[in-house]
Amino acid sequence: MGEWSDWYAREDPSTWVLAEVLKRRAAEHPDREYLKFADSPWVSYGEINARSNRVANALIARGVQPGESVSVMLPNCEEFIPVWFGILKAGAVMSSINTAYKGDFLSWTINLVEARKLVISDEFLDRLDLIKGELPALEQGQKLDLDGAPWMVDKETQPPSRISQGKLIEMMEELGLGTKATRPDIIQKLYSRGYVFNNPPEPSETGIAMYKAFRDHVLRMATPEMTAELERDMDEIAAGEISKDEVIKISRDMLHQTYDDLFERREDLAKTIWAGMDEDKFIGVCEVCEEKGRTVHEDGSPNRLRIIDLKGGKRFWGCEGYNRDDPDDPESCGNSGPLPGRGYELWRLEPRCSVCGVRPRLTVRGFRGRPWKLCLNDDCPTMVEMRQKREERRKAKEEAEKRKAAKGEEGGGAAAAKSAKPKPKKSGGARKKPPTTTTRTKRATRGKSTARSRS
Ligand SMILES: [Zn+2]
Ligand SMILES: [Zn+2]
């Protein structure tokens, strides 16, 4: 039960849309088994999501509109699931037809929802031939093959799907990197140092620069061999095959040499990495400069907005076209706004918000809690909605506290009538510990101690 309530607290109900859930799960666990039909092999989340995308793209390319009904006449089969999700992803509604229907029943069901598209299995095609003339809305002569070439290449699967954390751990194992205990830790470090973000992990510009810097300047450190070699030696010590002193000597030589390389190339290395870190700060195009046609970059693109760190952990976003020495310069751009402080992690989500289309959108992650999406346009519908929800939550909390306080006074009175002493302790404790599990454990221990004292 505890887990379920946690789940509800964590999840955002607005994302409880089937196609969205599938997409998210596929991103989280692309390789996890999702569907097994009869004797066919298991199909993964990632595969079902990819097939659904192809169906959706094919439908959209053939003019299916959001809200439109798409009729489906398929036997029980594996394809049914991707077809269903594909229709949902295209924003349409599936109208499933009983496979026993023929003649008037069949035409009536198709005409009822004014279906223009029908996904039908070959085995039922002859039934369709019989009622051909009675389907005014249905568009003929288009074929949607469920496997093979006509499936459209899916936008979402390009770039290729990311490697999940589980898969990454497997790969590290294959390469001899880390131990069973340290592998998850290593991945966590990639996150905390800002080399990767999101889940499945995506490399940040800093992470990419870090790799490039080592690849170009201290190649040995960019390959898994060195670490793997050290790990192997550790195993050999453990097995008593090699002495500790020997390994220490080998490792010391190895590290000395690498360190010398590193020291010699440190400036080049730093430049590359700084450039990457800098790149991570650019979050999208400045809409003001774009409108004014300030195309300042070689490729003809306008000024960009970037994250700016201030002393003391404060941050804001601003246009790179701001002229610090002469802010009144007509070419200086003052487009800027506040950002959460350095206690929060910020990641580029969209260079231009897909909802309002005005400014970049970021993912914000605090010390605890779920990450949330921040549009830099305050008037963006997503931000308006978020403020409303926050306000509602704040009000609900306030009222709950008021009720609690009122109850506490009543309860306190009753408790005081029974005994004056335990009252303040009790109410104080109740206010301090919101998680129910604590209460449960306490009760359990109390029960135990009572039992013990009784015996
Ligand atoms: Zn600007
Ligand atoms: Zn927006």
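Below, the structure is looked at part by part.

Points about helix α5 (residues 103-112)
Here's step 1: Of all the positions in α5, only Leu106, Ser107 and Ile110 are classed as buried. Within α5, the buried residues cover an arc of 90 degrees as seen down the axis, which keeps them to one side. Exposed residues on α5 whose side chains face more than 90 degrees from its buried face are Asp104, Trp108 and Leu112.
Here's step 2: Glu114 lies just past α5 and shows a positive phi near 50 degrees.

Concerning the packing of helix α2 (residues 18-28) against helix α3 (residues 45-61)
Here's step 1: Two elements in contact, α2 and α3, have axes separated by 8 Å at closest approach and are oriented at 135 degrees. It follows from the interaxial angle that α2 and α3 lie oblique. Crossing handedness for the pair α2 and α3: left-handed. On the side of α2, the interface is formed by Leu22, Lys23, Arg25 and Ala26, while α3 contributes Tyr45, Gly46, Ile48, Asn49 and Ser52.
Here's step 2: Residues that form the contact of α2 with α3 fall into these classes: four nonpolar, three polar and two charged.

Looking at unusual backbone geometry
Here's step 1: Its identity is not glycine, yet Ala38 carries a phi of approximately 45 degrees, on the positive side.
Here's step 2: As for its position among the elements, Ala38 is in the loop between β1 (33-35) and β2 (43-44).

Some words on the sheet that holds strand β12 (residues 345-350)
Paired through their backbone hydrogen bonds, the strands of a sheet run either parallel or antiparallel.
Here's step 1: A sheet is described by the order of its strands in space; here three strands give the open sequence β12-β13-β14, paired in antiparallel fashion. With partners counted over all chains shown, the strands left at the sheet margins are β12 and β14 (372-375), one partner each. With direction set aside, neighbouring strand axes in the sheet form an average angle of 35 degrees.
Here's step 2: Judged from the four bridges that link them, strand β13 (residues 361-365) and β14 form a sheet pairing that is antiparallel. Bridge pairing in β14 places Val364 opposite Trp372.

Quick notes on the pairing of strand β10 (residues 315-319)
Here's step 1: Pairing geometry for strand β9 (residues 304-309) and β10, over five bridges, is antiparallel. Bridging across to β10, Leu305 finds its partner in Cys319.
Here's step 2: In this antiparallel pair of consecutive strands, β9 and β10, the connection spans five residues, and Gly312 shows a positive phi of 85 degrees.
Here's step 3: Note that β10 and strand β11 (residues 336-339) share four bridges and pair antiparallel. In the strand pairing of β11, Phe316 is matched with Pro338.

Observations regarding the sheet that holds β11
Here's step 1: Overall, antiparallel pairing links the four strands, which are arranged β8-β9-β10-β11 in an open sheet. Both edges of this open sheet fall to β8 (282-285) and β11, since each of them pairs with a single strand only. Averaged over all neighbouring strand pairs, the angle between strand axes comes to 25 degrees, with direction disregarded.

Thoughts on the packing of α3 against helix α4 (residues 80-89)
Here's step 1: At a minimum axis separation of 7 Å, α3 and α4 run at an interaxial angle of 55 degrees. Viewed along their axes, α3 and α4 adopt a mutual orientation that is oblique. Note on packing geometry: the crossing formed by α3 with α4 is right-handed. In this structure, α3 uses Ile48, Arg51, Ser52, Asn53, Val55, Ala56 and Leu59 to contact α4, whose residues at the interface are Ile81, Pro82, Val83, Phe85, Gly86, Ile87 and Lys89.
Here's step 2: A class-by-class count of the residues in the contact of α3 with α4 yields nine nonpolar, three polar and two charged.

Observations concerning the environment of Tyr34
Here's step 1: Topologically, Tyr34 is positioned in strand β1.
Here's step 2: A tally of 19 C-beta atoms within 10 Å means that Tyr34 is categorised as partly exposed.
Here's step 3: Along the sequence, Tyr34 and Ser44 sit ten residues apart, while their C-alpha atoms lie 4.9 Å from each other.
Here's step 4: If sequence neighbours within four positions are ignored, Tyr34 has contacts with Val43, Ser44, Tyr45 and Ile48.

Here's the deal with the nonpolar core
Here's step 1: Ranked by size, the top nonpolar core spans 25 residues in total, and within it Leu59, Val70, Val72, Val83, Ile87, Ala90 and Ala92 carry the most contacts.
Here's step 2: The element contributing the most residues to this core is α3, with six residues.
Here's step 3: Discounting residues that sit within four places of it in the chain, Val70 has contacts with Leu59, Val64, Ile87, Ala92, Met94, Ser95, Ala115, Lys117 and Val119.

Criteria and thresholds
Residues numbered from 1 in each chain as written. Chains lettered and ligands numbered in written order. Predicted model: local features only at pLDDT ≥ 70, side-chain atom pairs only at ≥ 80, totals over all residues. Buried ≥ 20, exposed ≤ 12 C-beta atoms within 10 Å, placed from the backbone. Helix = DSSP H or I, 4+ residues; strand = E, 2+ residues; numbered from the N terminus. Arc of directions from axis to C-beta. Axes fitted to C-alpha atoms, helices over the stretch in contact; angles between N-to-C directions. Parallel < 35°, antiparallel > 145°, perpendicular 65-115°, else oblique. Left-handed = near helix turned anticlockwise from the far one by under 90°. Contact = placed C-beta atoms within 7 Å. Nonpolar A, V, L, I, M, F, W, Y, C, P; charged D, E, K, R; others polar. Pairing = 2+ DSSP bridges. Core = buried A, V, L, I, M, F, W, Y, C linked by C-beta atoms within 7 Å.

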